[in-house]
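# Observations on chain architecture
What follows is the residue order along each chain.
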Amino acid sequence: MTRTAEQMKGRAGRLARLMPSGPSTAARTPFVLLVVLLLAGGLISLLLLNSALNEGSFRLSKLERETTELTDEQQALQRDVDSYSEPDALERRARELGMVPGGSPAFLNPDGTVRGVPERATAAPSPTASPEPSASASPSGSPSTTATSTAAASATPAPSAPTSPSSPSTSPGR
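## Concerning the overall build of the protein
Secondary structure summary: the protein contains five helices and two strands in total. In sequence order, the protein lays out its α and β elements as α-α-α-β-β-α-α. Counting over 174 residues, the protein shows a buried share of 6%. Considering only intrachain contacts with a sequence separation of at least 6, the fraction spanning at least 24 residues in the protein is 21%.

## With respect to the packing of helix H2 (residues 28–85) against helix H3 (residues 87–96)
Look at H2 against H3: their axes get within 5 Å of each other, and the N-to-C directions meet at 65°. Between H2 and H3, the contacting residues are Ser83, Tyr84 and Ser85 on the first element and Pro87, Ala89, Leu90 and Arg93 on the second.

## A look at the environment of Asn109
Tracing the backbone through its elements, the reader meets Asn109 in the loop between strand E1 (107–108) and strand E2 (114–115). Looking at Asn109, the relative accessible area reads 22%, which means it is partly exposed. Here the side chain of Asn109 touches Thr113 through a polar contact of 2.8 Å, side chain to side chain.

## Points about a nonpolar patch on the surface
A contiguous nonpolar patch, built from Phe31, Val32, Val35, Val36 and Leu39 and spanning about 470 Å² of accessible area, is present on the exposed surface. Mapped onto the fold, Val32 is located in helix H2.

## Considering a negative patch on the surface
Together, Asp80, Asp82, Glu86 and Asp88 make up a negatively charged patch on the protein surface. Position of Asp88 among the secondary structure elements: in helix H3. The class for Asp88 is exposed, based on a relative accessible area of 60%.

## Quick word on the confidence of the model for the protein
Regions with low pLDDT carry predicted coordinates that are not meant to be interpreted in detail. Scored by pLDDT, the protein comes out at a mean of 74, with 62% of its residues at no less than 70. By mean pLDDT, helix H5 (residues 143–155) is the weakest element of the protein at 42, and H2 is the strongest at 95.

Calculation notes
Counting from 1, residues in each chain are numbered in the order their sequence is written. Local features in a predicted model are, by the rule used here, given only for residues with pLDDT of at least 70; side-chain atom pairs are given and counted only at 80 or more, and totals for whole chains, interfaces and linings are based on all residues. Each side-chain value is derived from all of the structure's non-hydrogen atoms; neither hydrogens nor water enter the calculation. Going along the chain from the N terminus, every DSSP run of H or I of four or more residues is numbered as a helix, and every run of E of two or more is numbered as a strand. Three labels apply to residues, based on accessible area from a 1.4 Å probe with only protein chains included: buried if under 20% of the type maximum, exposed if over 50%, partly exposed otherwise in between. Whether two residues touch is decided by their heavy atoms; if any such pair falls within 4.5 Å, the residues are in contact. Helix axes use the C-alpha atoms of the stretch in contact, all axes being lines fitted to C-alpha atoms, and the angles between their N-to-C directions lie in the range 0 to 180 degrees. Under the rule applied, a polar contact is a pair of N or O atoms within 3.5 Å (in protein, one hydrogen donor and one hydrogen acceptor; residues adjacent in sequence only if both atoms are side-chain atoms). Patch members must show over 30% relative accessible area and no salt bridge, and they are joined within 9 Å when carrying like charges or within 5 Å when they are nonpolar side chains of Val, Leu, Ile, Met, Phe, Trp or Tyr. A 1.4 Å probe and the Shrake-Rupley method give the accessible areas. Residues count as covered only by the protein chains that appear here. For salt bridges, the criterion is a side-chain nitrogen of Lys or Arg within 4 Å of an Asp or Glu carboxyl oxygen. Asp and Glu count as negative and Lys and Arg as positive, but His and the ends of the chain are not part of the count. Just so you know, the charge point we use is NZ for Lys, CZ for Arg, CG for Asp and CD for Glu. You can read pLDDT as the predictor saying how much it trusts each residue, on a scale of 0 to 100.

Quick look at the structure:
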């Protein structure tokens, strides 16, 4: 009941004549080999791509960790700079270098006149340099005399800086 290509008529006959009638394994082998090679190449490509992406991910996390460490170090250094720039720290370091606070300033006006009276800076006795007289004066070191002399020393007012009668706020040029 099978019909051959010669027995078929019309369109089916023409198509049957184009197709080989016998089993052909020789034409199938290169095709199968090509498909297997393409699949293997695709799998190897995916493996290489995946490993490259993982390497990039590890490098990214390492760089992020380094960035975090460097940011922490930068913030610590900025805190140090800020602590050295505070007015109290600047004053303490200036006193350690032997500097003294200046007097009232004098200003030059644009026309060349001087506003204010310049004064020479004088060194006031520093409150930290005064030795405690009670520790060296009394060899017995009784608690009552030590407490009394310490209280008297702390109650003594510190000498204030001399004030100038002509400060910039009261000068007539303003």
